[in-house]
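Spelled out from the first residue to the last, the chains are:
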Amino acid sequence: MTKAEQARATVARIIRIARRQFSEHGYAQTGTEELVRLAGLTRGALYHHFAGKKGLFEAVFEDALREIAEQILQAVESEKDLWRGFTAGCRAFLTAAADPTLQRIVIIDAPAVLGWRRWRELDARNGSQLLREGLEELAAAGLLPELSLDALASLLIGAMNESALWIAEAPDPQAALAEAQRTMEILLEGLRV
């Protein structure tokens, strides 16, 4: 194994371990000493690969966003119909956001740890970009009224992120997820030409 391959393997191991710890305990309750102990590394090795705990959290957040984006794409591609694919992608986002292993990192901790601006910037490269591309396809197919896709994307992203937070805080997250998905589908159907 080359040094570059070893470095990639080390980074992947640290991210995997940190993701589990951040998910189970939250950012504030996860200590770097515990992370390096679990990874079998020194503190210096951690700081060699990441700009501290916050830098590691950002890497974990991006990893979680990629996982959610993959789930969205799988849902979209599972449908032959363009409209049904788009709504399946939105449902997949809410389902992923309701997953406790992703929820704490992506929905609860990331905006506070990374700051709203950085959180949105990283989200824009993943889920938000997929949503925008889906809206562009729907508009090109004549399935949406003529309106600002930037405004629509912003409204839908805000609605889905708030729904994800609502699901996370609900006494019965699975019931909240079902209600959010049903309501989101009714909302989207109201846009359909």
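Here, every reference points to the structure presented above.
Predicted, not measured: the structure shown is a model, and the values here were computed from it.

Draft legend 1. Molecular detail of the nonpolar core. Counting residues in hydrophobic clusters, the biggest one holds 58 residues, and the most contacted among them are F22, L56, F57, F61 and L135. Excluding its chain neighbours within four sequence positions, the residues that come into contact with L56 are I14, I15, A18, F22, L35, L46 and F50.

Draft legend 2. Highlighting helix α2 (residues 32–39). For α2, every residue scored as buried is listed here: T32, L35, V36 and A39. Along α2, the residues classed as buried sweep out an arc of 90° about the axis, all on the same side. Taken together, the buried residues of α2 touch α1 (3–25), α3 (43–49) and α4 (52–77). Positive phi shows up at G40, right after α2, with a value of about 70°.

Draft legend 3. Structural view of helix α6 (residues 100–114). Helix length check: α6, at 15 residues, gives a terminal C-alpha distance of 19 Å against a target of 21 Å (1.5 Å per residue), a fit within 8%. The largest bend in α6 comes to about 40°, at I108, with the proline P111 one to four residues further on. Of the residues making up α6, those classed as buried are L102, Q103, I105, V106, I107, D109, A110, P111, V113 and L114. Positive phi shows up at G115, right after α6, with a value of about 90°.

Draft legend 4. Broad picture of empty space enclosed by the protein. Evaluation of the coordinates by the stated rule reveals one cavity of 30 Å³ or more. Space inside the largest cavity adds up to approximately 30 Å³. Along the walls of the largest cavity sit I14, I17, A18, L35, V36, A39, L41 and L46, which together make up its complete lining. Sorting the residues of the lining of the largest cavity by element identifies α1 and α2 as the ones contributing at least two each. A breakdown of the residues in the lining of the largest cavity according to their chemical character gives eight nonpolar, no polar and no charged.

Draft legend 5. Geometry of the packing of aromatic side chains. Following the criterion strictly, the structure yields four aromatic pairs and no others. When the ring of F22 is compared with that of Y27, the centres are 5.7 Å apart and the planes differ by 25°; the resulting orientation is stacked. Relative to F57, the ring of Y27 has its centre 5.3 Å away and its plane inclined at 75°; by these criteria the two rings are edge-to-face. Of this pair, Y27 sits in the loop between α1 and α2 while F57 sits in helix α4, placing them 30 residues apart in sequence.

Draft legend 6. Examining the environment of A141 more closely. Note on placement: A141 falls in the loop between α8 (127–140) and α9 (149–169). Residue class for A141 comes out partly exposed when judged on its relative accessible area of 46%. Separated by 58 residues in the primary sequence, A141 and W83 have C-alpha atoms spaced 9.6 Å apart.

Draft legend 7. Structural context of the packing of α9 against helix α10 (residues 173–189). Where α9 meets α10, the closest approach of the two axes is 9 Å, and the angle between their N-to-C directions is 165°. One way to sum up the angle between α9 and α10 is to call them roughly antiparallel. Considering only the axes of α9 and α10, their crossing is right-handed. Facing α9, whose interface residues are L156, S163, W166 and I167, α10 presents P173, A176, L177, E179, A180, L187 and L188. Across the contact of α9 with α10, the residue classes tally to nine nonpolar, one polar and one charged.

Rules and cut-offs
- Residues numbered from 1 in each chain as written.
- Predicted model: local features only at pLDDT ≥ 70, side-chain atom pairs only at ≥ 80, totals over all residues.
- Heavy atoms only, no water.
- Core = buried A, V, L, I, M, F, W, Y, C linked by side-chain atoms within 4.5 Å.
- Buried < 20%, exposed > 50% of the residue type's maximum accessible area, 1.4 Å probe, protein only.
- Contact = heavy atoms within 4.5 Å.
- Helix = DSSP H or I, 4+ residues; strand = E, 2+ residues; numbered from the N terminus.
- Arc of directions from axis to C-beta.
- Expected span 1.5 Å × (residues − 1).
- Bend = angle between axes of the 7 residues up to and from the residue.
- 1 Å grid on protein atoms, 1.4 Å probe; cavity = no way out; pocket = protein on both sides within 12 Å on 5 of 7 lines; lining within 4 Å.
- Points joined across faces, edges and corners; volume = space filled by probe spheres on them.
- Nonpolar A, V, L, I, M, F, W, Y, C, P; charged D, E, K, R; others polar.
- Phe/Tyr/Trp six-rings, centres within 6.5 Å; stacked < 30°, edge-to-face > 60°.
- Axes fitted to C-alpha atoms, helices over the stretch in contact; angles between N-to-C directions.
- Parallel < 35°, antiparallel > 145°, perpendicular 65-115°, else oblique.
- Left-handed = near helix turned anticlockwise from the far one by under 90°.

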